[in-house]
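Given next are the chains, with one letter for each unit.
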Amino acid sequence: GTDMFVHATTIMNGRPAPRSMVPSVEDGSLAQLKCIFDPTVQSGDLWGPGRDGKLEKTMMQPPQILVDEKTKKQIWQVCEDAVGAFEIQS
């Protein structure tokens, strides 16, 4: 995944991208069209332009904050502090 804010503030330094690097409206719509019409696309897939500008599937991973056990427990506690204790029943 990408963090556009970090990219825009560190790499781009707040400058707009050169027009030659911005996709056309037609190119920008390719990912949506693929997801609508390609029967091999699975629910939850993320498609977009690769580094070479060609359409590719982006592999997604859970944010690190959701993987770390200590952080998950802290977030759960803050939520319970805000709304009261609750349990998830399976």
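The structure displayed is predicted, hence computed values, not measured ones.

S.K.: In this structure, what is going on with a nonpolar patch on the surface? I would like to understand it.
M.R.: On the surface, a cluster of nonpolar side chains totalling about 490 Å² of accessible area is made up of Leu 30, Leu 33, Ile 36, Phe 37 and Leu 55. If one sorts the elements of the nonpolar patch by residue count, helix H3 (residues 30-37) sits on top with four residues.

S.K.: Sorry, what's going on with the packing of aromatic side chains here?
M.R.: Each aromatic ring pair is described using two quantities: the centre-to-centre distance and the angle formed by the ring planes. Taken as a whole, this structure holds one aromatic pair when the rule is applied. Aromatic pair Trp 76 and Phe 86: ring centres 4.9 Å apart, planes at 45 degrees, arrangement tilted. On the criterion of sequence distance, the pair formed by Trp 76 in helix H4 (residues 69-83) and Phe 86 in the segment after H4 is long-range, its members being 10 residues apart. Against the face of Trp 47 rests Lys 34, its NZ or CZ located 4.5 Å from the ring centre.

S.K.: I would appreciate a short explanation of the environment of Asp 81 in the present structure.
M.R.: Of note, Asp 81 is situated in helix H4. Exposure remark for Asp 81: the relative accessible area of 57% places this residue in the exposed category. Through-space distance from the C-alpha of Asp 81 to that of Asp 52 is 47 Å; in sequence the pair is 29 residues apart.

S.K.: In this structure, what is going on with the confidence of the model for the chain? I would like to understand it.
M.R.: Mean pLDDT over the chain stands at 81; residues scoring 70 or higher make up 90%. Ranking the elements of the chain by mean pLDDT puts helix H1 (residues 4-11) last, at 73, and H3 first, at 92.

Thresholds applied
- Residues numbered from 1 in each chain as written.
- Predicted model: local features only at pLDDT ≥ 70, side-chain atom pairs only at ≥ 80, totals over all residues.
- Heavy atoms only, no water.
- Patch = residues over 30% accessible without salt bridge, like charges linked within 9 Å, V, L, I, M, F, W, Y side chains within 5 Å.
- Areas by Shrake-Rupley, 256 points an atom, 1.4 Å probe, with all protein chains shown as cover.
- Salt bridge = Lys/Arg side-chain N within 4 Å of Asp/Glu carboxyl O.
- Helix = DSSP H or I, 4+ residues; strand = E, 2+ residues; numbered from the N terminus.
- Phe/Tyr/Trp six-rings, centres within 6.5 Å; stacked < 30°, edge-to-face > 60°.
- Lys NZ or Arg CZ within 6 Å of the ring centre and 35° of its normal.
- Buried < 20%, exposed > 50% of the residue type's maximum accessible area, 1.4 Å probe, protein only.
- pLDDT = per-residue confidence, 0-100.

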